[in-house]
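# Fold and contact review
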Amino acid sequence: MARRRRLVVGNWKMYGRLTSGLVLAQDIAEQAEAARPLNFDIVLCPPATLTWAIGEALLGTPVMLGGQDCHTANHGAYTGDLSPAMFVDLGCRYMILGHSERRYGHGETSELIAKKVEAAQLAGLTTIVCVGETAEELKAGSTSEIIEKQLRESLPKKVKTANLVVAYEPVWAIGTGQAPEPEDVVTVHKQIREVLGEIGETVRVLYGGSVTPANAEKILAEEEVDGVLVGSASLNADGFWAIAEKCQ
Ligand code: 13P
């Protein structure tokens, strides 16, 4: 089958103020503009507070916008939460869900994540569902078991294949500068496709965790890797673009 269109996503996490965020987004958009036509997709997921301003700055550029997390409902008495429809209003096309910083930092269960995925997809967003083992689970040799369980439980029954991206993000590789060997990434990506069953060949599977301009080429040399989900290296326009270019 033809190669799946690659996708590079910048997850800014809780970094970026109005001015610095705008400058960063504009710098990335400029590089993307200069490289038109792009044969891969590029998405920025800034903190929710910057979504409106950055959305305005990205209008007409090839760079798309996403959110980092959302609620299961489109409106309601949920202090501090943001709904999928709200992100759609601001021009978002993507939504990261089930990130380990939500699973472990906020106690989100796979069951809750599945509900979020369903709601976000219903609102028209493409969901980037994150799964990954911890250092202890890796050490115990239970990576495949964990991946399968998390993936099965984090997807709603009526998952929309066209709106689904899976990101393999080993928890031990996030923010540590320690990325797995590309062949180990390939093993997990193949397993993710197996768990997905007949939709496995069409769903894009990304890798995330300490992706840098230095290791992106090696990781993206693998056909199994449909793109990358980048944290800290996405906070530098040149560095992020150097990674994005490897998606060609
Ligand atoms: P780092 O690239 O900073 O390791 O973060 C990865 C990540 O969590 C992306 O969602």
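First, a word on what this report is: a plain description of the structure on this page. (Residues numbered from 1 in each chain as written. Predicted model: local features only at pLDDT ≥ 70, side-chain atom pairs only at ≥ 80, totals over all residues. Heavy atoms only, no water.)

### Description of the nonpolar core
Proteins that are soluble and globular tend to have nonpolar side chains buried together. Ranked by internal contacts, the top residues of the largest apolar core, which has 58 residues, are Val-8, Ile-42, Ile-192 and Leu-196. Residues Val-9, Met-64, Tyr-94 and Leu-229 belong to the second largest nonpolar core, which totals 13 residues. (Core = buried A, V, L, I, M, F, W, Y, C linked by side-chain atoms within 4.5 Å. Buried < 20%, exposed > 50% of the residue type's maximum accessible area, 1.4 Å probe, protein only.)

### With respect to the packing of helix H1 (residues 18-34) against helix H2 (residues 51-58)
The contact between H1 and H2 brings their axes to 10 Å, and the two run at 30°. The orientation of H1 with respect to H2, classified from their angle, is roughly parallel. The hand of the H1/H2 crossing is right-handed. Packed against H1, whose contacting residues are Leu-18, Gly-21, Leu-22, Ala-25, Gln-26 and Ala-29, the element H2 presents Ala-53, Ile-54, Ala-57 and Leu-58 at the interface. When grouped by side-chain class, the residues that make up the contact of H1 with H2 number eight nonpolar, two polar and no charged. (Axes fitted to C-alpha atoms, helices over the stretch in contact; angles between N-to-C directions. Helix = DSSP H or I, 4+ residues; strand = E, 2+ residues; numbered from the N terminus. Parallel < 35°, antiparallel > 145°, perpendicular 65-115°, else oblique. Left-handed = near helix turned anticlockwise from the far one by under 90°. Contact = heavy atoms within 4.5 Å. Nonpolar A, V, L, I, M, F, W, Y, C, P; charged D, E, K, R; others polar.)

### Quick notes on the site of the ligand
Close to the ligand lie Asn-11, Lys-13, His-99, Glu-169, Ala-173, Ile-174, Gly-175, Gly-209, Ser-210, Leu-229, Gly-231 and Ser-232, which account for all nearby residues. Interatomic distance of 3.0 Å between a side-chain N/O atom of Glu-169 and an oxygen atom of the ligand. With respect to the ligand, the backbone of Gly-231 contributes an N or O atom lying 2.9 Å from an oxygen atom. Within the complex, 98% of the 310 Å² of free accessible area of the ligand lies under protein. Among the residues forming the shell around the ligand, the class breakdown is three nonpolar, seven polar and two charged. (Near = heavy atom within 4 Å. Polar contact = N/O pair within 3.5 Å; in protein donor to acceptor, adjacent residues only side chain to side chain. Areas by Shrake-Rupley, 256 points an atom, 1.4 Å probe, with all protein chains shown as cover.)

### Description of unusual backbone geometry
The linkage connecting Arg-36 with the following residue, Pro-37, adopts the cis geometry, with an omega of -5°. The topology assignment puts Pro-37 in the loop between H1 and strand S2 (40-45). Not every positive phi belongs to a glycine, and Ser-210 is a case in point at roughly 55°. Position of Ser-210 among the secondary structure elements: in the loop between strand S7 (204-208) and helix H9 (216-220). Relative accessible area serves as the criterion here: at 16%, Ser-210 is assigned to the buried category.

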